[in-house]
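# Structure at a glance
One-letter residues, chain by chain:
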Amino acid sequence: LQPRQVADPRVSDIGVTGAAMPLLLLAFALKQAPAGALILVIGYGDGADAFLFRATGAGVQPAPPDQHTIPMSSYARYRKLRH
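Each value, and the rule that gives it
Residues numbered from 1 in each chain as written. Predicted model: local features only at pLDDT ≥ 70, side-chain atom pairs only at ≥ 80, totals over all residues. Heavy atoms only, no water. Phe/Tyr/Trp six-rings, centres within 6.5 Å; stacked < 30°, edge-to-face > 60°. Buried < 20%, exposed > 50% of the residue type's maximum accessible area, 1.4 Å probe, protein only. Lys NZ or Arg CZ within 6 Å of the ring centre and 35° of its normal. 1 Å grid on protein atoms, 1.4 Å probe; cavity = no way out; pocket = protein on both sides within 12 Å on 5 of 7 lines; lining within 4 Å. Points joined across faces, edges and corners; volume = space filled by probe spheres on them. Helix = DSSP H or I, 4+ residues; strand = E, 2+ residues; numbered from the N terminus. Nonpolar A, V, L, I, M, F, W, Y, C, P; charged D, E, K, R; others polar.

Once that is clear, we can look at the packing of aromatic side chains. In total, this model carries 2 aromatic pairs according to the counting rule given. Between Phe51 and Phe53, the ring centres sit 6.4 Å apart and the planes meet at 40°, which makes this aromatic pair tilted. Assessed through its relative accessible area of 48%, Phe51 is described here as partly exposed. Over the ring of Phe28 we find Arg10, and its NZ or CZ is 3.8 Å from the ring centre.

Another aspect to go through is the layout of surface pockets. Size it by volume and the largest pocket reaches roughly 820 Å³. Lining the largest pocket are 22 residues, with Gln5, Val6, Ala7, Ile39 and Leu40 sitting closest to its centre. At 6 residues, the largest contribution of residues to the lining of the largest pocket is made by helix 2 (residues 21-32). A breakdown of the residues in the lining of the largest pocket according to their chemical character gives 17 nonpolar, 2 polar and 3 charged. Estimates place the volume of the second largest pocket at around 370 Å³. Taken together, 20 residues line the second largest pocket, and the ones lying closest to its centre are Ala19, Pro22, Ile42, Gly43 and Tyr44. Counting residues per element, the ones that place at least two in the lining of the second largest pocket are helix 2, strand 1 (38-45) and strand 2 (47-54). Tallying contributions element by element places strand 2 first for the lining of the second largest pocket, with 6 residues. For the lining of the second largest pocket, the residue count by class is 14 nonpolar, 4 polar and 2 charged.

By themselves, these figures tell us nothing about what the structure is for.
Shown next as C-alpha cells:
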C-alpha cells in the first residue's frame, strides 16, 4: 500500500473508540469512495479481523438525529466541555 491509500485514524477529532474504530473508519471511507473502489478494513485487539469491501457509490446515509443528544463540532470540544 502507498501512504495515500491508508486512512487517517482520526484520533485527534473522534478519539480512540476501541472495538468500534474499524466500523467508524469504514463509514468515513464509504462516504468518500468512488464506485468500484476496494476498501480493506482491518481491526485488531484480542485477535484480528480483516474484511474487503467494494464501494457501490451509494455512500452512507446518516441515521436520524437522536433528540437527546447535543451536537459537538469536534471531539476536542467534547473533551473540553466534559470536564
